[in-house]
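# Secondary and tertiary structure notes
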Amino acid sequence: MSVPVPFFRSYPHNSPEAAARIVAVALIANGEIKAVEMAALNAHVSHERLGMTEAQWHGVVHDLCADLLRSARSDDESRVSDEMLGHMLREVDDDSTRRAVLKLSCAVVYADGHVEVGESFVLLAMSEHWGLQPDDHALLEPILYGADFQVRLRGVPVSTLQRNRMR
């Protein structure tokens, strides 16, 4: 049984709120909510995929921000610690819910074409705590290997590949 994190609300296991809060953490992980990230969530109809109304989704985001502010110390920024994120991730143990959360979180993180440190922290924590299904590995390849990662045939010089790609 997990011990609750001080100043941080708990949600029932596998509840829409527990799942939505993790997506919300991915949304605010870079320190701001960008319009392109919200557009990505809207395009995926995220609140419906998580089993909630738009008002409930906004309530979860509001509650997350309130919890972060309440837990902040005067000498520290409001941030999600390893302990807090672990607590949130343990509240979701259903595989289909985890996959939905991972896909929505990746959509948010990749929406602006740039993965920042905080965003990487959230996605890698999901991978570490939950493990990955084989088809989920592709979602995290930009985090694990870099956005410019390319597979090439053995023995084929890079210059040949670059020349062919420029055609």
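Because the structure is a prediction, the values reported are computed rather than measured. (Residues numbered from 1 in each chain as written. Predicted model: local features only at pLDDT ≥ 70, side-chain atom pairs only at ≥ 80, totals over all residues. Heavy atoms only, no water.)

For the protein chain, the mean per-residue pLDDT works out to 82, and 73% of the residues sit at or above 70. Note on residues 161-167: pLDDT under 50 across the span, and three contacts to partners over four residues away in sequence or across chains. (pLDDT = per-residue confidence, 0-100. Contact = heavy atoms within 4.5 Å.)

With that settled, consider the pattern of salt bridges. Enumeration according to the criterion identifies six salt bridges in this entry. A salt bridge links R21 to E91; the nearest nitrogen and oxygen atoms lie 2.6 Å apart. You can see R21 sitting in helix α1 (residues 16-28) and its partner E91 sitting in the loop between α5 (82-90) and α6 (95-110), a full 70 residues away along the chain. Judged by relative accessible area, which is 1%, R21 ranks as buried. Its salt-bridge partner being D112, residue K34 comes within 2.5 Å of it at the nearest N-O pair. Taken as a pair, K34 in the loop between α1 and α2 (35-43) and D112 in the loop between α6 and α7 (117-130) lie far apart in primary sequence, 78 residues in all. Assessed through its relative accessible area of 24%, D112 is described here as partly exposed. The network of salt bridges with common partners includes R9, D63, D67 and R70. (Salt bridge = Lys/Arg side-chain N within 4 Å of Asp/Glu carboxyl O. Helix = DSSP H or I, 4+ residues; strand = E, 2+ residues; numbered from the N terminus. Buried < 20%, exposed > 50% of the residue type's maximum accessible area, 1.4 Å probe, protein only.)

Along the chain, L140 falls in helix α8 (residues 137-145). Apart from the residues within four sequence positions on either side, L140 is in contact with L102, C106, Y110, L123, S127 and L132.

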